[in-house]
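# Structure assessment
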Amino acid sequence: MEYRQLGNSGLRVSTLTLGTMTFGGRGVFAKVGQANVDEAARQIDRALDAGVNLIDTADSYSSGLSEKILGQAVKGRRDRVLIATKARMPTGPGVNGAGLSRHHLIEACESSLRRLGTDHIDLYQMHAWDGLTPLDETLSALDQLLRAGKIRYVGCSNYSGWHLMKALGVSDRTGTARFVSQQIHYSLHTRDAESELLPISVDQGVGVLAWSPLAGGLLSGKYRRGMEPPAGSRRLQGWDEPPVRDEDRLYAIVEALADIARERGATPAQAALAWLRSRPAVTTLVIGARTEEQLAENLAAADLVLDPAEQGRLDEVSALPLLYPYWHQAKIASDRLSPADLTLLGPHIRR
């Protein structure tokens, strides 16, 4: 297992992170997975044996049950793992039971600590943007939790580029807690993050945790052109995270993954994870699994390194057109681009 610095922090995390959305199975999360404490403990055993040192959860997963199961499953070995969780989503009744206000954040953090059975959270992430709470309030509340020792690092999740830059600017102006990471949706199927979020990470020293790196199973290899998916699988037309807007492109990506996997004695999922692990600014991939077999398959991707030709084939088949102003920058500003700019524009510039 490889370990990378989390942004500009001194924290080193494994390139694969164990995701726990499958723990609990309460409410809408029953569709994702229903692991109990024993099953969760077995997944954690396997992940730790593979070198994983970060486990990711959220207070909204199964209405807090995921955190509770995680806390029970790591009891007696808490010092072997880093725990990341999130706050922002509704977790109770009342108009103040959601968002990133000082009131909700402090209450949510205390509740997560109780469910996890720990005295600190290693990475506390803002689960989504809150456009109604001033950033000064959110960041000063996080700073308060940091100074109290209840959290050690802070990150955000699902922010747009301008949201993230505004937050970093407020932190720098006020001297309050600065995000060391962003957890974002990123995969071969969904490369939208390359336009702004990855360049910001390179420029500002923000680590990237990629959630749903197999696009919710779309890149697993079970969805193929002209073939019926396995019984019980979701249909592409009803997929909304991420949405399937171009089936032909998706099938072309999966075919390329299958070809590479066949040549390397791997699986399409492992090839997809290997591609993503090599992308600029990516620190770790958040992998989850319904079964121990799926988890073992995903963990084995840590040992797969694609060669330049394989990387290039996947780059080409999954490429998205440049949006404005990026196509214009590639055309007229290519003589003065930073390393952050080149994460997106480099392949589009003729030397």
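Source: prediction; values computed, not measured. (Residues numbered from 1 in each chain as written. Predicted model: local features only at pLDDT ≥ 70, side-chain atom pairs only at ≥ 80, totals over all residues. Heavy atoms only, no water.)

## Some points on the layout of surface pockets
For clarity, the threshold we go by: Residues are said to line a cavity or pocket when one of their atoms sits within 4 Å of a point; the points come from a 1 Å grid over protein atoms alone, cavities being sets where a 1.4 Å probe fits but cannot get out and pockets being open sets with protein on both sides within 12 Å along at least five of seven lines. Grid points are joined across faces, edges and corners, and a volume is the space filled by probe spheres set on the points. For this classification, Asp, Glu, Lys and Arg are treated as charged, while Ala, Val, Leu, Ile, Met, Phe, Trp, Tyr, Cys and Pro are nonpolar and the rest, including Gly, are polar.
Computed from the structure, the second largest pocket encloses a volume of approximately 340 Å³. Split into classes, the residues belonging to the lining of the second largest pocket amount to 8 nonpolar, 3 polar and 6 charged.

## Structural notes on the packing of helix α2 (residues 65-73) against helix α3 (residues 102-116)
Put simply, the rule reads: Under this scheme, a helix contributes an axis fitted over its contacting stretch, all axes are lines through C-alpha atoms, and angles between N-to-C directions fall in the 0 to 180 degree range. Numbering of helices and strands runs from the N terminus; a helix is a DSSP stretch of H or I covering at least four residues, while a strand is a stretch of E covering at least two. The labels follow the angle: roughly parallel below 35 degrees, roughly antiparallel above 145, roughly perpendicular from 65 to 115, and oblique for the rest. Whether two residues are in contact is decided by their heavy atoms, any of which lying within 4.5 Å being enough.
Interhelical geometry of α2 versus α3 gives an angle of 45° and a closest axis separation of 7 Å. In terms of orientation, α2 lies oblique with respect to α3. Residue-level inspection shows Glu67, Lys68, Leu70 and Gly71 of α2 in contact with α3, the latter providing Ser112, Arg115 and Leu116. A class-by-class count of the residues in the contact of α2 with α3 yields 2 nonpolar, 2 polar and 3 charged.

## Concerning the pattern of salt bridges
Test applied: Criterion for a salt bridge: a side-chain nitrogen of Lys or Arg within 4 Å of a carboxyl oxygen of Asp or Glu. Note on classification: 1.4 Å probe, protein chains only; a residue is buried when its accessible area is under 20% of the maximum for its type, exposed when over 50%, partly exposed between these limits.
The tally for this structure, following the rule as stated, stands at 19 salt bridges. Notably, a salt bridge pairs arginine 279 with glutamate 194, separated by 3.3 Å at the nearest N-O pair. In this pair, arginine 279 sits in the loop between α8 (268-277) and β10 (282-287) while glutamate 194 sits in the loop between β8 (181-185) and α6 (197-204), placing the two residues 85 residues apart along the sequence. On the basis of relative accessible area, arginine 279 is assigned to the buried category, the value being 13%. The class for glutamate 194 is buried, based on a relative accessible area of 9%.

## What about α6?
Burial runs high along α6: 6 of the 8 residues are buried. Taken as a whole, α6 has its buried residues at Leu197, Leu198, Pro199, Ile200, Ser201 and Gln204. Looking at the buried positions of α6, the neighbouring elements they touch are α5 (161-174), β8, β9 (207-211) and α12 (339-345). Remark: glycine 205 follows α6 within two positions and exhibits a positive phi of approximately 70°.

## Section: helix α10 (residues 308-318)
An α-helical turn contains 3.6 residues, so a residue and the one three or four places further along point in the same direction. Heads up, the condition is: Arc definition: it is the arc formed by the directions from the helix axis to the C-beta atoms. Polar contacts, as used here, are pairs of N or O atoms within 3.5 Å; protein pairs need one atom able to donate a hydrogen and one able to accept it. Residues neighboring in sequence count only if both atoms are side-chain atoms.
All of the buried residues along α10 are Glu310, Gln311, Leu314 and Ser318. Down the axis of α10, the buried set is contained in an arc of 100°. They therefore lie on one face. Of the residues in α10, the exposed ones pointing more than 90 degrees away from the buried face are Pro308, Ala309 and Glu316. Capping the start of α10, aspartate 307 holds a side-chain oxygen 3.1 Å from the backbone nitrogen of alanine 309, two or three residues further along.

## So, the sheet that holds strand β7 (residues 151-157)
Strands pair in a sheet through their backbones, by hydrogen bonds, and they do so in one of two ways: parallel or antiparallel. To keep things clear, this is the line we draw: Here a strand pair is declared whenever DSSP counts at least two bridges between the two strands.
Around the barrel, which closes on itself, the 8 strands sit in the order β3-β4-β5-β6-β7-β8-β9-β10 with parallel pairing between neighbours. Pairs of neighbouring strands in the sheet enclose a mean axial angle of 30°, with direction left out of account. Summarising the sheet, strand β5 (residues 82-87) and strand β6 (residues 121-126) pair through 4 bridges and their orientation is parallel. From the neighbouring strand, alanine 87 faces β6, where its bridge partner is methionine 126. Along the sheet face, helix α4 (residues 135-147) touches β6 and β7 and points at about 155° away from the line of β7.

## With respect to the packing of aromatic side chains
Where we set the bar: Planes of paired rings set the category: under 30 degrees apart is stacked, over 60 is edge-to-face and the rest tilted, where pairs are Phe, Tyr or Trp rings (Trp by its six-membered ring) whose centres lie within 6.5 Å.
Enumeration according to the criterion identifies 6 aromatic pairs in this entry. Measuring from centroid to centroid gives 5.6 Å for phenylalanine 29 and tyrosine 61, while their planes differ by 55°, and the two rings are tilted. Taken together, the positions of phenylalanine 29 in the loop between β3 (16-19) and α1 (37-49) and tyrosine 61 in the loop between β4 (54-56) and α2 put the pair 32 residues apart, joining distant regions of the chain. Taken individually, phenylalanine 29 and tyrosine 61 each receive the classification buried, so the pair is uniform in this respect. Among the aromatic residues, those joined into a cluster by ring pairs are Trp129, Tyr159, Trp162 and Phe179.

## Thoughts on the side chain of threonine 15
Mapped onto the fold, threonine 15 is located in the loop between β2 (12-14) and β3. If sequence neighbours within four positions are ignored, threonine 15 has contacts with Met1, Glu2, Arg4, Arg277, Thr283, Thr284 and Leu285.

## Description of empty space enclosed by the protein
Tallying each qualifying case throughout the model produces 1 cavity of 30 Å³ or more. Volume-wise, the largest cavity comes out at about 40 Å³. Lining of the largest cavity is provided by Tyr186, Glu194, Leu198, Arg279, Pro280, Thr343 and Leu344. Taken together, the residues of the lining of the largest cavity sort by class into 4 nonpolar, 1 polar and 2 charged.

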